[in-house]
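Here's the letter readout for the chains.
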Amino acid sequence: MISTPDGSVARTLAQWRAIARTALSINMPPSQLAWRDDGSATHLFGEDIAPSETAPAGATVPRRFVALAGSVACHRDELRWTLLYELLWRLTHGEPHLLEIASDPLMHRLVRLHRAVRRASHKMKAFVRFRAVQSPDGEEFIAWFEPAACVVERTAPFFVDRFPSMRWAILTPDGCARWDLATLTISPGIEKHEAPATDDSLEDLWRTYYAGIFNPARLNRDAMRAEMPRHYWKNLPEARIIESLAREAPARVTRMIEQTLAAPTPLPDDLEAREAIAPTPTPPGHEPWDETHDPGWREALRRERLVPDRWPEGLMINGTTVLAGVAGWTDPSILASGVFYPSHATSAESRLRYYAEQLPMVEVDATYYALPSEETSRRWVERTPGHFVFNIKAHALMTGHPTDPARLPTWLKEDLPPRLRSVRNVYAHHFSSAAIDEAWQRFLSALAPLRAAGKLGAVMLQFPKWFTPSPENLASFARMRERLGDCPASVEVRHRDWLADGAASRLFDALREQRFTYVCVDAPEGWESSVPATMRVTNPDLAIIRFHGRRSATWEDRHEDVAERFRYLYSEGQLDGWLGTLARTIDESRRVHLTFNNNKWNYAATNAIEMNAVVKRAFSPVSS
């Protein structure tokens, strides 16, 4: 249960929406409105606009606008309501696709506000520090925090999920959140001197913990300042020791190197600890040598004990085939010299043949960017052994994503209006329905050689995070099944609300009805696009788990190198943590695919091979 005060962001946003409805109903343009900070407004004659609870006839906006408005409402920019009404006006007056035009100055500014709010929410999750106090109800934990935006209401549910059995309160100048084990209450903000006195014993624990996890070998002052701005330091107990740890870092690194050379240490589970102690020999032609040039040392560190566990034909467990593989055998970082492929594997053919000797399954992601051809599928069949399986990612236009017109075949590009043929991104609604029908048909026709050879696992329909749980989106699964016919297919959703309350059961029921495999994901938690790792077998013929890594700091950031989002190497302990889920999934499925999408260097391949070893140890299977 959640209770909120009258001055909350949610209520202010509701007031703005009601007044915006009135303004739209009388066709009042943005230039004639003056918005106040509380979401109210006056027109040019100085009279207040009365709120309206009913939307004007014919005025509809995309769900993405509602989500954007909810985020921008948390910003402190005094023009936020003005900007949102201008966007609303343009969306309802001839520019329905404005949300997709990132280069528009209005959209550019609103997206910047949205990202600032998202960062502020992320920092709140990272930098809230609780201290103990005694209350009439017993021990309670209090945190004082000064967020960069009004994100208390937005972020407080995260702490309810994180600390459901602890009484706590987060106090800020904008608003306060309190959890009493049953109700989350949002109240007006306070000044810092009004916060109750706390027991500072927890601060020593925080400093001890931070000193223990501080890795001097990876100290980067610029990155630290970017990730932990000084604005937050005054309320962080560990801030007192950061400077001393930084000063001591060079000497600590020297001692670590000397200890490693003197007595090699077994690799721990923690990724950053592994990277800190890993030896760095200097191969010919790499001076100076580091992981940016050639990170293949990660594979070398494990190769001796991993080779016996490659199991390139997969595993057979109680009649269920279990296959592990990576998402994309031609990812740019895995192609770098010495990372995964031997020096002689320089062509597409030699790489695929080598990959198929190491692992039994691969997910093809190139088909998301460019429509495949039947000839390409035929070559894949010829270059892989009979047991090898391909999962094929659906093209962007098939799942509501944007695509670059330059990557489209001529016949499809010419269906676009001329003004859109040179833009950066287009969507399915920019094409005629006949052209989209043809794209689906050609995509499926191109996979015919794989199906005929028994090498097609499934077509993977991965939806964007703006594909949210709604009746129309649920209905779209039936339309997609009509297009696919009897072609096996899987569905991966990217909005967390799909697995909330009743939405989850409706989703799983719809997928069972249409014979779609639900794709369970392992990914960073706490983001709008973070779907809980809930496994449900909706098609007994095939179950799929995709491992995206758990690098939370970059999950929703944009990078020139997309692989930075997925730069995460699972520990064997983390892979072991999936054994219980795997046991249940194996009992309910004839085939199980474990796809590693943590595509940076050889991380995905290493973890796929390690997963084979983990499963083999746990279930003692025989090879298929």
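Here, the structure is the one placed above.
Residues numbered from 1 in each chain as written. Predicted model: local features only at pLDDT ≥ 70, side-chain atom pairs only at ≥ 80, totals over all residues. Heavy atoms only, no water.

1. Topic: the overall build of the protein chain
When you go through the protein chain residue by residue, the secondary structure sums to 22 helices and 18 strands. In the protein chain, which comprises 624 residues, the share counted as buried stands at 50%. Taking contacts inside the protein chain between residues at least 6 apart in sequence as the whole, the part at least 24 apart equals 72%. Surface exposure of the protein chain reaches about 29400 Å², of which carbon and sulfur atoms provide 52%. (Helix = DSSP H or I, 4+ residues; strand = E, 2+ residues; numbered from the N terminus. Buried < 20%, exposed > 50% of the residue type's maximum accessible area, 1.4 Å probe, protein only. Contact = heavy atoms within 4.5 Å. Areas by Shrake-Rupley, 256 points an atom, 1.4 Å probe, with all protein chains shown as cover.)

2. A look at the packing of helix H2 (residues 63–72) against helix H3 (residues 80–91)
Contact geometry of H2 with H3 gives a least axis separation of 10 Å together with a crossing angle of 170°. Classed by the angle they form, the pair H2 and H3 counts as roughly antiparallel. Within the contact between the two elements, H2 uses Phe65, Leu68, Ala69 and Val72 and H3 uses Arg80, Leu84, Leu87, Leu88 and Leu91. Across the contact of H2 with H3, the residue classes tally to eight nonpolar, no polar and one charged. (Axes fitted to C-alpha atoms, helices over the stretch in contact; angles between N-to-C directions. Parallel < 35°, antiparallel > 145°, perpendicular 65-115°, else oblique. Nonpolar A, V, L, I, M, F, W, Y, C, P; charged D, E, K, R; others polar.)

3. A word on helix H19 (residues 502–513)
Given a rise of 1.5 Å per residue, twelve residues ought to cover 16 Å, and the 17 Å separating the end C-alpha atoms of H19 matches this to within 8%. Considered for burial, the residues of H19 that qualify are Ala503, Ala504, Leu507, Phe508, Ala510 and Leu511. For H19, the arc enclosing every buried residue in end-on projection is 160°, short of the 170-degree limit, so these residues lie on one face. Tucked inside the fold, the buried residues of H19 contact helix H18 (471–484), strand S14 (489–492) and strand S15 (517–522). Looking one or two residues past H19, Arg515 carries a phi angle of roughly 60°, positive in sign. (Expected span 1.5 Å × (residues − 1). Arc of directions from axis to C-beta.)

4. Side note on the packing of aromatic side chains
By the definition in use, this model includes 32 aromatic pairs. Summarising the aromatic geometry, the rings of Phe130 and Phe159 are spaced 6.3 Å apart at their centres and angled 85° between planes, so their arrangement reads as edge-to-face. One end of the pair, Phe130, is in the loop between helix H4 (105–127) and strand S4 (131–135); the other, Phe159, is in helix H5 (residues 152–162), with 29 residues separating them in the sequence. In this pair, the class of Phe130 matches that of Phe159, namely buried. (Phe/Tyr/Trp six-rings, centres within 6.5 Å; stacked < 30°, edge-to-face > 60°.)

5. Observations regarding helix H22 (residues 603–619)
Between its first and last C-alpha, H22 extends 24 Å over 17 residues, near the 24 Å set by a 1.5 Å rise per residue. Burial analysis of H22 places 13 of its 17 residues in the buried class, the great majority of the element.

6. Observations concerning the pairing of strand S12 (residues 389–393)
Two faces, one strand: in a regular strand the side chains alternate between the faces of the sheet. Among the five residues of S12, five are classified as buried, and the element is accordingly described as predominantly covered. Across the two faces of S12 the burial is the same, with Val389, Asn391 and Lys393 and Phe390 and Ile392 all buried. The sheet contact formed by strand S11 (residues 361–364) and S12 spans four bridges and is parallel. Opposite Val364, over in S12, you have Ile392 as the bridge partner. Here four bridges tie S12 to strand S13 (residues 456–462), and the two strands are oriented parallel to one another. Looking across to S13, one finds that Lys393 is bridged to Met460. (Pairing = 2+ DSSP bridges.)

7. Remarks on the pattern of salt bridges
Side-chain pairing between opposite charges can occur once the charged atoms of the two side chains come close. Per the counting criterion, the structure on display carries 24 salt bridges. Among the ionic pairs, Arg80 bridges to Asp37, the shortest N-O distance being 2.8 Å. You can see Arg80 sitting in helix H3 and its partner Asp37 sitting in the loop between strand S2 (33–35) and strand S3 (41–43), a full 43 residues away along the chain. Under the relative-accessibility criterion, Arg80 is labelled buried at 6%. On the basis of relative accessible area, Asp37 is assigned to the partly exposed category, the value being 48%. (Salt bridge = Lys/Arg side-chain N within 4 Å of Asp/Glu carboxyl O.)

8. Some remarks on unusual backbone geometry
Phi is positive for Asn27, close to 60°, though the residue is something other than glycine. Along the chain, the position of Asn27 falls in the loop between helix H1 (9–25) and S2. On the accessibility criterion, Asn27 (48% relative accessible area) is partly exposed. With phi around 60°, Arg515 is a residue other than glycine that occupies positive phi space. Summarising the element assignment, Arg515 is placed in the loop between H19 and S15. With relative accessibility at 44%, the residue Arg515 sits in the partly exposed group.

9. Topic: the layout of surface pockets
Unoccupied space between atoms shows up once a probe the size of one water molecule is rolled over them. Here the second largest pocket is characterised by a volume of approximately 960 Å³. Lining the second largest pocket are 30 residues, with Gly400, His429, Trp466, Phe467 and Asn473 positioned closest to its centre. Looking at the lining of the second largest pocket, the elements with two or more residues in it are H2, helix H16 (433–446) and H18. In terms of residue count, H18 provides more of the lining of the second largest pocket than any other element does, six residues in total. Counted by class, the lining of the second largest pocket contains 14 nonpolar, nine polar and seven charged residues. (1 Å grid on protein atoms, 1.4 Å probe; cavity = no way out; pocket = protein on both sides within 12 Å on 5 of 7 lines; lining within 4 Å. Points joined across faces, edges and corners; volume = space filled by probe spheres on them.)

10. A few points about the environment of Arg64
Following the sequence through the fold, Arg64 ends up in helix H2. C-alpha of Arg64 to C-alpha of Lys465: the two residues are 401 residues apart in sequence and 9.9 Å apart in space. With near-sequence residues (within four places) excluded, Arg64 lies in contact with Leu99, Glu100 and Trp466.

11. Here we look at the nonpolar core
If you look at the biggest cluster of nonpolar residues, it comprises 92 residues, and the most contacted ones within it are Phe390, Leu461, Phe477 and Leu594. Element by element, the count of residues in this core is highest for H22, at eight residues. With near-sequence residues (within four places) excluded, Phe477 lies in contact with Phe463, Phe467, Val491, Trp498, Leu507, Ala510, Leu511, Gln514 and Phe516. In terms of nonpolar packing, the next biggest core, distinct from the first, is built from 56 residues, Ala69, Leu113, Val117 and Phe130 among them. (Core = buried A, V, L, I, M, F, W, Y, C linked by side-chain atoms within 4.5 Å.)

12. Examining the environment of Val339
Position of Val339 among the secondary structure elements: in the loop between helix H11 (332–335) and helix H12 (348–358). Between the C-alpha atoms of Val339 and Lys600, which are 261 residues apart in sequence, the distance is 9.8 Å.

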